[in-house]
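Residue-level structure breakdown
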Amino acid sequence: MTSRNLNRETIVRAALDLLEEKGLEAVSLRNVAAAVGARAPSLYWHVTDKAALFGFMSEAIFRECLDRVPASDDWRDWLRGLGTTVWRTQRQTRDLHQLMMQSKMDAETLAGFTARMVGDLTARGLDPAVAFEAQKSVMALVTGWTMMPNDPAFRESPPEQSFLQCLDAVIRGWDQLGPAPKSL
């Protein structure tokens, strides 16, 4: 590939392929450049450094998750679909927990994801006053479960069954709470 055909999307896709094939340790600008048939300095036109690359990788993974949330007319089903889609992706993607710990998305990208999730929830009937908090609580639950160690104490029930039970409890809680109280 010539550097004229090189773009951020191609670079991120190559990095994600390396992540899947060899793990996060193999994702370096040099290895990504080799994978796309370019030299490492060519990547700097599109990705400023490894931290930025990790952020773009996380962004691509999360965008794919949002695109795969099952269609639903009810906010509860959509929120459950969001939680299960993100949790399964995080569990199935090699070294994703390490990638999450080392990457930072820019504020504009995070705001865009939040607006999309809140919009999806409110379009399905959730009160706009609680939509942000509801999606935030589900995302925190998902990430927490992904980060949990493989401690034998957590193996009493199958992880998916236990996760879904917790996810459903969080969603029921938002259903029972109703609109958020006004600030003092």
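From a predicted model like this one, the values you see are computed outputs, not experimental measurements. (Residues numbered from 1 in each chain as written. Predicted model: local features only at pLDDT ≥ 70, side-chain atom pairs only at ≥ 80, totals over all residues. Heavy atoms only, no water.)

1. Quick notes on the overall build of the protein
Threshold: Numbering of helices and strands runs from the N terminus, with a helix taken as a DSSP run of H or I at least four residues long and a strand as a DSSP run of E at least two residues long. For each residue, the accessible area found with a 1.4 Å probe, counting protein chains only, is set against the maximum for its type, and the residue is called buried under 20%, exposed over 50%, and partly exposed in between. Residue contacts follow a heavy-atom distance rule, with two residues in contact if any of their heavy atoms lie within 4.5 Å. Where accessible areas are quoted, they stem from the Shrake-Rupley method and a 1.4 Å probe; at the residue level, only the protein chains shown are allowed to cover.
Check the secondary structure of the protein and you find nine helices and zero strands. Sequence-ordered secondary structure for the protein, helices as α and strands as β, is α-α-α-α-α-α-α-α-α. For the protein, the proportion of its 184 residues judged to be buried stands at 39%. By sequence separation, contacts in the protein at least 24 residues apart represent 68% of the contacts at least 6 residues apart. With the model as given, the accessible surface of the protein reaches about 10800 Å², and the carbon-plus-sulfur share is 51%.

2. Considering the nonpolar core
Defined as follows: In these notes, a set of buried Ala, Val, Leu, Ile, Met, Phe, Trp, Tyr and Cys residues joined through side-chain atoms within 4.5 Å is what counts as a nonpolar core.
Core analysis: the largest hydrophobic core is formed by 28 residues, its most contacted members being Phe-62, Leu-79, Leu-82, Met-117 and Phe-163. Contributing elements (two or more residues each) for this core: α4 (50–68), α5 (75–92), α7 (107–123), α8 (128–147) and α9 (159–177). Considering every element that reaches this core, the biggest residue donor is α8, with eight residues. The residues touching Met-117, leaving out its near neighbours within four places in the chain, are Phe-62, Leu-66, Trp-78, Leu-82, Gln-135 and Met-139. Leu-16, Leu-43, Val-47 and Phe-56 belong to the second-largest nonpolar core, a separate cluster that totals 26 residues.

3. Focus: the confidence of the model for the protein
Let me state the cut-off plainly: Confidence scores labelled pLDDT are given residue by residue by the predictor and lie between 0 and 100.
On average, residues of the protein score 89 in pLDDT, and 89% of them are at 70 or above. Per-residue pLDDT, averaged within each element of the protein, yields its smallest value for helix α6 (residues 96–102) (89) and its largest for helix α1 (residues 8–22) (97).

4. What to know about α8
The periodicity of an α-helix, 3.6 residues per turn, causes residues three or four positions apart to be oriented the same way. This is how the line gets drawn: Helix span, expected: 1.5 Å multiplied by one less than the number of residues in the helix.
The end-to-end C-alpha distance of α8 is 29 Å, a good match for the 28 Å that 20 residues give at a rise of 1.5 Å each. Buried residues of α8: Val-130, Ala-131, Ala-134, Gln-135, Val-138, Met-139, Leu-141, Val-142, Trp-145 and Thr-146, and no others. Next to the buried residues of α8 lie α4, α5, α6, α7 and α9.

5. With respect to the packing of α5 against α8
A pair of packed helices is characterised by two quantities: the angle between their axes and the separation of those axes. Applicable threshold: For every element, the axis is a line fit to its C-alpha atoms; helices are fit only across the contacting stretch, and the angle between N-to-C directions ranges from 0 to 180 degrees. Put simply, angles under 35 degrees are roughly parallel, angles over 145 are roughly antiparallel, angles from 65 to 115 are roughly perpendicular, and the rest are oblique. Here is the rule for handedness: rotate from the far helix to the near one, and if that takes an anticlockwise turn smaller than a right angle the crossing is left-handed, while a clockwise turn gives right-handed. Gly counts as polar in this scheme, as do all residues outside two lists: the nonpolar Ala, Val, Leu, Ile, Met, Phe, Trp, Tyr, Cys and Pro, and the charged Asp, Glu, Lys and Arg.
The N-to-C vectors of α5 and α8 enclose an angle of 25 degrees; their axes lie 9 Å apart at closest approach. In terms of orientation, α5 and α8 fall into the roughly parallel class. Seen along the crossing, α5 lies across α8 with a hand that is right-handed. Seen from α5, the contacting residues are Leu-79, Leu-82, Gly-83, Val-86, Trp-87 and Gln-90; seen from α8, they are Ala-134, Gln-135, Val-138, Met-139, Val-142, Thr-143, Trp-145 and Thr-146. Along the lines of polarity and charge, the residues of the contact of α5 with α8 split into nine nonpolar, five polar and no charged.

6. Brief notes about unusual backbone geometry
Look at Asp-95: it is not a glycine, yet its phi comes out positive at around 60 degrees. In this fold, Asp-95 is placed in the loop between α5 and α6. The exposure class of Asp-95 is partly exposed, given its relative accessible area of 21%.

7. Describing the side chain of Thr-85
Position of Thr-85 among the secondary structure elements: in helix α5. Apart from the residues within four sequence positions on either side, Thr-85 is in contact with Cys-65, Arg-68, Val-69 and Pro-70.

8. Looking at the pattern of salt bridges
Any two side chains of opposite charge can pair, on the condition that their charged atoms come close. We count it as follows: Each reported salt bridge corresponds to a side-chain nitrogen of Lys or Arg within 4 Å of a carboxyl oxygen of Asp or Glu.
With the rule as written, the count across this model stands at ten salt bridges. Where Asp-67 meets Arg-116, a salt bridge forms, and the shortest distance between an N and an O atom there is 2.7 Å. Pair noted here: Asp-67 is in helix α4 and Arg-116 is in helix α7, with a separation of 49 residues, a long-range link. Assessed through its relative accessible area of 30%, Arg-116 is described here as partly exposed. The partner of Arg-88 in a salt bridge is Glu-160, and the shortest N-O contact between them spans 2.2 Å. Within this pair, whereas Arg-88 is found in helix α5, its partner Glu-160 is found in helix α9, the two being separated by 72 residues in sequence.

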